[in-house]
Amino acid sequence: MNTHNPSDFRYRVRRSDDSSVRYDRVPLAVRTLSSNTLFQGEHEIGIEHHGALYRLKITRQGKLILNK
């Protein structure tokens, strides 16, 4: 299921400072957390989102996997 929302972009369009009508892509600030802060020494955490429980796990290879 595609839940893409066209108004939820990671970039916004901003007009250039020069007199032309050229637009530049400027990255929006994204709140960033360390995985150490999230997991606090554990290998799995639960995330409640809109009434559903998701599990975020650190794999043996050190990657993150999210399951519903």
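Our structure is the block above this text.
These notes cover the structure that comes with them. (Residues numbered from 1 in each chain as written. Predicted model: local features only at pLDDT ≥ 70, side-chain atom pairs only at ≥ 80, totals over all residues. Heavy atoms only, no water.)

Before going further, it helps to spend a moment on the sheet that holds strand β3 (residues 44-49). Strand order in the open sheet made by the three strands is β3-β4-β5, with antiparallel pairing throughout. In the strand order of this sheet, the two ends are held by β3 and β5 (64-67), each with one partner. Pairwise comparison of adjacent strand axes, ignoring direction, gives a mean angle of 25° for this sheet. As paired elements, strand β4 (residues 52-58) and β5 share four bridges and run antiparallel to each other. Bridging from a neighbouring strand, L56 pairs with L66 of β5. (Pairing = 2+ DSSP bridges. Helix = DSSP H or I, 4+ residues; strand = E, 2+ residues; numbered from the N terminus. Axes fitted to C-alpha atoms, helices over the stretch in contact; angles between N-to-C directions.)

Turning to the environment of E44, a few remarks are in order. Of note, E44 is situated in strand β3. Sequence-wise, E44 and I58 are 14 residues apart; in three dimensions their C-alpha atoms are separated by 6.5 Å. Discounting residues that sit within four places of it in the chain, E44 has contacts with F39, R55, L56 and K57. Within polar-contact distance, the side chain of E44 engages the side chain of R55 at 3.4 Å. (Contact = heavy atoms within 4.5 Å. Polar contact = N/O pair within 3.5 Å; in protein donor to acceptor, adjacent residues only side chain to side chain.)

Another point: the environment of G62. Considering the arrangement of structural elements, one finds G62 in the loop between β4 and β5. For G62, a relative accessible area of 53% puts it in the exposed group. Residues G62 and H43, spaced 19 residues apart in sequence, show a C-alpha to C-alpha distance of 9.7 Å. (Buried < 20%, exposed > 50% of the residue type's maximum accessible area, 1.4 Å probe, protein only.)

Keep in mind these numbers describe shape, not what the thing actually does.
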